[in-house]
Amino acid sequence: MSALPRRIVKETKNLVKDPVPGIKTNIPDDDNLRYLTVEMEGPAGSPFAGGVFSLELYLPEEYPMEPPKIRFLTPLYHPNIDKLGRICLDVLKDHWSPAFQIRTVLLSIQQLLGTPNPDDPLLSDVAELCKNDNAKYCEVAREWTKKYAIPEPKE
Amino acid sequence: MAIPRSFRLLEELEKGEKGGSQVCSYGLADGEDVTMTKWNGTILGAPNSAHANRIYSVEIECDSTYPDKPPKVKFVSKINLDCVDQTTGEIIVEKFNTMKNWKRSTTMEDILLDLRKEMITATNKALPQPAEGSTF
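Scoring rules and cut-offs
Within any chain, residue numbers begin from 1 and follow the written order of that chain's sequence. Going through the entries in the order they are written, you letter the chains from A and number the ligands from 1. This being a predicted model, a pLDDT of at least 70 is required before a residue's local features are given, and a value of 80 or more before pairs of side-chain atoms are given or counted; all residues contribute to the totals for chains, interfaces and linings. Strands are runs of DSSP state E lasting at least two residues, helices are runs of H or I lasting at least four, and both sets are numbered from the N terminus onward. With the radius of gyration taken over C-alpha atoms, the globule rule is written as 2.2 Å times the number of residues to the power 0.38. Partly exposed residues are those whose C-beta has more than 12 but fewer than 20 other C-beta atoms within 10 Å; with 20 or more the residue is buried, with 12 or fewer it is exposed, and the C-beta atoms are placed from the backbone. Two residues qualify as being in contact provided that their C-beta atoms, derived from the backbone, are within 7 Å of each other. UniProt positions are given in the numbering used here, feature names are shortened, and annotations may be inferred rather than shown by experiment. Residues are grouped as follows: nonpolar covers Ala, Val, Leu, Ile, Met, Phe, Trp, Tyr, Cys and Pro; charged covers Asp, Glu, Lys and Arg; every other residue, Gly included, is treated as polar. The criterion for strand pairing is that DSSP finds at least two bridges linking the strands in question. Only the stretch in contact is used when a helix axis is fitted, and all axes are lines through C-alpha atoms; the angle between N-to-C directions ranges over 0 to 180 degrees. pLDDT expresses how confident the predictor is about each individual residue, on a scale running from 0 to 100. Multiplying one less than the number of residues by 1.5 Å gives the expected span of a helix. By definition, the arc is the one covered by directions from the helix axis to the C-beta atoms.

A. Representation of the overall build of chain A in the model. Helix and strand content of chain A: four helices and four strands. The helix and strand sequence of chain A, counted from the amino end, reads α-β-β-β-β-α-α-α. Its C-alpha atoms give chain A a radius of gyration of 16 Å, within 12% of the compact-globule value 15 Å for 155 residues. With respect to the three principal axes, the spread of C-alpha positions in chain A is 50 × 45 × 25 Å. Per-residue burial over chain A gives 32% buried out of 155 residues. Sequence separation of at least 24 residues holds for 51% of the intrachain contacts in chain A that already meet a minimum separation of 6.

Structure representation (structure tokens):
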């Protein structure tokens with residue numbers, strides 16, 4: 001096994017030590033800095049506000065020449081995120097640049113929650129609703145947030 | 001620092017969705033199963049054999065030990081091969097090298113392609129085959 005590139009060590013340790021506001025990163029296994037779990041707060045003013053969404057992230061062997069792999073573990077109702085938590089976002093695909101960081105990607109994902117892109121959807125039915133009846137879309141998304149992403153208050 | 005199970009399965013899913021191979025296919029049994037445990041596969045029968053033009057269905061189960069350990073594989077379509085249990089359709093791991101000598105890098109596609117090769121080994125080629133379309 002080759003030694004971990006310094007960039008990965010630096011980036012992951014920094015993320016844990018100095019997190020992006022509203023985005024908490026953990027390293028579940030200290031021996032594997034390529035695998036991270038993330039707790040992301042839904043952006044204020046979006047139907048995801050108040051929710052905390054789990055994600056998992058993996059830095060492939062080719063990182064940073066290739067983008068990180070990342071998916072949501074918490075279900076959410078969004079035209080660019082499918083039922084398996086896969087995310088359709090340009091910076092995770094053709095618009096990736098090695099100059100970006102994990103931090104950049106996490107912020108872009110959080111931003112995507114507040115500004116869905118129904119013209120480049122993964123789920124066409126959600127995209128249709130988002131475009132044609134935005135109020136209804138927001139209502140369903142809020143319901144899902146409440147159901148899956150807001151922890152039950154402790155008794 | 002090997003790729004975690006979930007991202008490995010997502011890679012395999014993506015390849016399968018793009019139509020990985022001409023002679024086999026595979027995908028999630030339930031497209032909403034976030035654990036990605038149960039898969040369905042098909043294998044196109046090997047040419048120049050009793051299997052030519054047949055399509056075999058298999059079920060693949062990738063539990064939490066995958067890909068460190070091989071998945072459980074079971075034929076749904078009836079087929080007579082040395083490595084297939086003739087009552088259940090399950091693969092007998094001891095008799096199927098790809099799963100017996102499992103490597104973490106081996107994929108579900110590799111399994112399906114190697115099962116196809118099993119159809120035309122000397123021992124298997126002589127075996128009589130059940131009627132097309134019958135199931136275990």
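On we go from here.
B. View of the UniProt feature "domain: UBC core" (unreviewed entry) in chain B. As recorded in UniProt, the feature "domain: UBC core" (unreviewed entry) lies at residues 4-136 of chain B. Counting secondary structure, residues 4-136 of chain B comes out at 24% helix and 17% strand; the distance between its end C-alpha atoms is 33 Å.

C. Representation of the interface of chain A and chain B. Across the contact, 13 residues belong to chain A and nine residues belong to chain B. Every element with two or more residues in the side of chain A that touches chain B is listed here: β3 (52-58) and β4 (69-72) of chain A. Considered class by class, the residues forming the side of chain A that touches chain B number five nonpolar, two polar and six charged.

D. Unusual backbone geometry, seen in detail. Note the cis peptide between tyrosine 63 of chain A and proline 64 of chain A, where omega equals 5°. Checked against the element boundaries, proline 64 of chain A lands in the loop between β3 and β4. Geometrically, the link from tyrosine 66 of chain B to proline 67 of chain B is a cis peptide bond, its omega value of 0° lying close to zero. Looking at the element boundaries, proline 67 of chain B is found in the loop between β3 (55-61) and β4 (72-75). Non-glycine residue asparagine 48 of chain B carries a positive phi angle of around 55°. Along the polypeptide, asparagine 48 of chain B turns up in the loop between β2 (38-44) and β3.

E. Inspection of the sheet that holds β2 of chain B at higher detail. Residues and elements named next belong to chain B. Taken together, the four strands give an open sheet; going across it, the order is β1-β2-β3-β4, and neighbouring strands pair in antiparallel fashion. Two strands lie at the open edges of the sheet, namely β1 (24-28) and β4, each paired on one side alone. The mean angle between the axes of side-by-side strands here comes to 20°, regardless of whether they run parallel or antiparallel. In the sheet, β2 pairs with β3 via seven bridges, with the strands oriented antiparallel.

F. Highlighting the pairing of β3 of chain A. Residues and elements named next belong to chain A. The pairing of strand β2 (residues 35-41) with β3 spans seven bridges and is classified as antiparallel. Directly across from methionine 40, in β3, lies its bridge partner phenylalanine 53. As paired strands, β3 and β4 are joined by four bridges and run antiparallel to one another. Residue pairing across strands places leucine 57 opposite isoleucine 70, the latter belonging to β4.

G. Spatial organisation of the sheet that holds strand β1 (residues 23-26) of chain A. Residue and element names in this part refer to chain A. The antiparallel open sheet is built from four strands, whose spatial order is β1-β2-β3-β4. Each edge of the open sheet is held by one strand with a lone partner, namely β1 and β4. Going from strand to strand, the sheet's axes swing by 20° on average, the running direction of each strand aside. Here helix α2 (residues 102-114) sits on the sheet in contact with β1, β2, β3 and β4, set at roughly 35° to β2.

H. Here's a closer look at the UniProt feature "active site" (unreviewed entry) in chain A. Residues and elements named next belong to chain A. Following the UniProt record, the feature "active site" (unreviewed entry) maps to Cys88 here. As for its placement among the helices and strands, cysteine 88 is situated in the loop between β4 and α2. Not counting chain neighbours up to four residues away, the residues in contact with cysteine 88 comprise Asn80, Asp120 and Leu122.

I. Expanded view of the confidence of the model for chain B. Residues and elements named next belong to chain B. Residues with a pLDDT of 70 or more make up 99% of chain B, whose mean pLDDT is 95. When pLDDT is averaged over each helix and strand of chain B, the minimum, 92, is found for helix α4 (residues 122-125) and the maximum, 98, for β4. Two numbers describe this predicted complex: its pTM, 0.89, and its ipTM, 0.85.

J. Region of the structure containing α2 of chain A. Residues and elements named next belong to chain A. Helix length check: α2 (13 residues) gives 19 Å between terminal C-alpha atoms against 18 Å at 1.5 Å per residue, within 8%. Within the sequence span of α2, burial applies to Ile102, Val105, Leu106, Ile109, Gln110, Leu112 and Leu113. Axial view of α2: buried residues confined to an arc of 155°, hence all on one face. Check the buried side of α2 and you find it contacts α1 (6-17), β1, β2, β3 and β4.

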